[in-house]
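A structural walkthrough
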Amino acid sequence: MSNLCLGVMDSGMGGLTVVDLLHKKYPEIKIVFLGDNANMPYGDKTKQQIMGFVKNNISFLSTFSIDGILIACNTMDSNCYQSIKDNCDIKLYPIIQPTCQKAFQISKNKKIAVLATAATVKSNAYKNSLERLDRQIEVKQINGTGLVELIEQNKNCQNLLEKYLSPLKNSDYDTLILGCTHYPLLSDKIKAILPNIQLVSSSEELVNSLHITKRDNITVCDVDYYVTANPLPFNDIASNIFGYPINAIIANRKE
Ligand code: DGL
């Protein structure tokens with residue numbers, strides 16, 4: 001029986017938070033990662049632009065023998081998943097729906113905040129998805145503009161985070177969704193600012209949403225990393241953040 005092979009797509013390092021969890025949980029899965037860092041950040045792009053990126057990402061990943069693609073990017077999911085899911089030849093694993101389910105399940109007072117990119121906030125995908133679970137739920141969406149770029153450059157996010165999270169400091173929101181896969185990289189800082197709020201990581205919930213039967217005698221697979229812009233700074237910063245070598249190479253693709 002051959003190993004399952006899954007594609008993971010994001011604009012950049014956020015996708016690596018998903019790859020990291022996926023590889024640790026299912027080392028037998030072959031992973032092909034694509035970080036479209038040439039077009040990062042997606043969060044300040046239009047729906048139409050994001051749709052174009054998503055199509056290119058899917059067509060690149062489809063050149064490998066993959067069994068499915070994890071949408072490791074809330075911005076792609078919020079802007080494109082509903083319109084592409086039925087016409088895509090390959091199975092797509094969405095991120096927003098399992099994340100909302102987890103937040104709904106753990107929130108006691110049904111007051112849930114979401115920190116996400118501008119394009120995700122604008123789409124209202126989290127708000128709509130949470131309200132589908134319960135119309136009474138109160139959702140506060142916070143636009144995290146600028147955080148992704150700082151994370152990608154390994155720069156300090158403290159001031160921006162304090163500013164964005166300050167409305168939650170003396171509020172009774174009991175749950176905060178990290179609605180961008182880059183943000184789990186800021187978890188410790190966020191916990192220090194909001195010690196009384198429980199965090200839901202979209203990266204974690206995407207991986208938890210996969211129900212793959214564990215097999216004995218597994219072969220451990222490598223991860224193949226691809227990016228669309230200069231891999232050198234990406235590899236340097238990513239290896240530093242994750243603590244193991246990440247050797248992405250440039251994705252050769254026609255656009
Ligand atoms: N990591 C992506 C997400 O989950 C977005 C990053 C970006 O703005 O490029 O939304």
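Calculation rules
- Residues numbered from 1 in each chain as written.
- Predicted model: local features only at pLDDT ≥ 70, side-chain atom pairs only at ≥ 80, totals over all residues.
- Heavy atoms only, no water.
- Helix = DSSP H or I, 4+ residues; strand = E, 2+ residues; numbered from the N terminus.
- Rg over C-alpha atoms; globule rule 2.2 N^0.38 Å.
- Buried < 20%, exposed > 50% of the residue type's maximum accessible area, 1.4 Å probe, protein only.
- Contact = heavy atoms within 4.5 Å.
- Areas by Shrake-Rupley, 256 points an atom, 1.4 Å probe, with all protein chains shown as cover.
- Lys, Arg positive; Asp, Glu negative; His and termini not counted.
- Charge placed at Lys NZ, Arg CZ, Asp CG, Glu CD.
- Near = heavy atom within 4 Å.
- Polar contact = N/O pair within 3.5 Å; in protein donor to acceptor, adjacent residues only side chain to side chain.
- Axes fitted to C-alpha atoms, helices over the stretch in contact; angles between N-to-C directions.
- Parallel < 35°, antiparallel > 145°, perpendicular 65-115°, else oblique.
- Left-handed = near helix turned anticlockwise from the far one by under 90°.
- Nonpolar A, V, L, I, M, F, W, Y, C, P; charged D, E, K, R; others polar.
- Phe/Tyr/Trp six-rings, centres within 6.5 Å; stacked < 30°, edge-to-face > 60°.
- Lys NZ or Arg CZ within 6 Å of the ring centre and 35° of its normal.
- Pairing = 2+ DSSP bridges.

This part covers the overall build of the protein. For the protein, the count of helices and strands is eleven helices and ten strands. Its C-alpha atoms give the protein a radius of gyration of 17 Å, within 12% of the compact-globule value 18 Å for 255 residues. Judged by the C-alpha coordinates and their principal axes, the protein covers about 50 × 40 × 35 Å. Taken over 255 residues, the protein has a buried fraction of 53%. Within the protein, contacts between residues separated by at least 24 positions form 73% of all contacts whose residues are at least 6 apart in sequence. Of the roughly 12,000 Å² of accessible surface on the protein, 47% is carried by carbon and sulfur atoms. Within the protein, one finds 26 positive and 25 negative side-chain charges whose respective centroids are separated by 4 Å.

Close to the ligand lie 13 residues; Ser11, Tyr42, Asn74, Thr75 and His182 are nearest. Here Asp10 contributes a side-chain N or O atom positioned 2.9 Å from a nitrogen atom of the ligand. Contact with the protein chains covers 99% of the free accessible surface of the ligand, which is 300 Å².

It is worth spelling out the packing of helix H1 (residues 13-25) against helix H11 (residues 231-242) at this point. Two elements in contact, H1 and H11, have axes whose closest approach is 11 Å; the angle formed by their N-to-C orientations is 45 degrees. Considering the angle they form, H1 stands oblique to H11. Crossing of H1 over H11 shows right-handed handedness. Residue-level contacts link Met13, Leu16, Thr17 and Asp20 of H1 to Phe234, Ile237, Ala238, Ile241 and Phe242 of H11. Per-class residue counts for the contact of H1 with H11 are seven nonpolar, one polar and one charged.

What follows concerns the packing of aromatic side chains. The final tally for this structure, using the stated rule, is seven aromatic pairs. Their ring planes at 20 degrees and their centres at 6.4 Å tell us that Phe33 and Phe234 sit as a pair that is stacked. Of the two residues, Phe33 is situated in strand E2 (residues 30-35) and Phe234 in helix H11; the sequence distance between them amounts to 201 residues. Residue class for Phe234 comes out buried when judged on its relative accessible area of 3%. Among the aromatic residues, those joined into a cluster by ring pairs are Phe33, Tyr225 and Phe234. Against the face of Tyr93 rests Lys91, its NZ or CZ located 4.7 Å from the ring centre. In this structure, Lys110 is placed above the aromatic ring of Phe104, and the distance from its NZ or CZ to the ring centre is 4.4 Å.

What follows is about the sheet that holds strand E9 (residues 223-227). Sheet architecture is open: six strands sit in the order E4-E3-E1-E2-E9-E10, paired in parallel fashion. Strand pairing shows two members of the sheet lacking a second neighbour, strand E4 (92-93) and strand E10 (249-250), which therefore form its edges. Relative to E10, E9 is paired through two bridges, and the arrangement is parallel. Across the sheet, Val227 pairs through a bridge with Ile250, a residue of E10. Running over the sheet, H1 touches strand E1 (5-10), E2, strand E3 (68-71) and E9 and is turned about 155 degrees from E1. Its contacts with the sheet put helix H3 (residues 74-84) on E1, E3 and E4, and the angle it makes with E3 is roughly 140 degrees.

Turning next to the packing of helix H4 (residues 96-106) against helix H6 (residues 125-133). At a minimum axis separation of 10 Å, H4 and H6 run at an interaxial angle of 50 degrees. The orientation of H4 with respect to H6, classified from their angle, is oblique. The two elements H4 and H6 cross, and the hand of that crossing is right-handed. Every residue of H6 that contacts H4 at Ile96, Gln97, Thr99, Cys100, Gln101 and Phe104 is listed here: Ala125, Tyr126, Ser129, Leu130 and Leu133. Tallied by class, residues from the contact of H4 with H6 come to seven nonpolar, four polar and no charged.

So, about the side chain of Thr181. One can find Thr181 in the loop between strand E7 (175-179) and helix H9 (187-193). Side-chain polar atoms of Thr181 contact the backbone oxygen of Ala72, separated by 2.9 Å.

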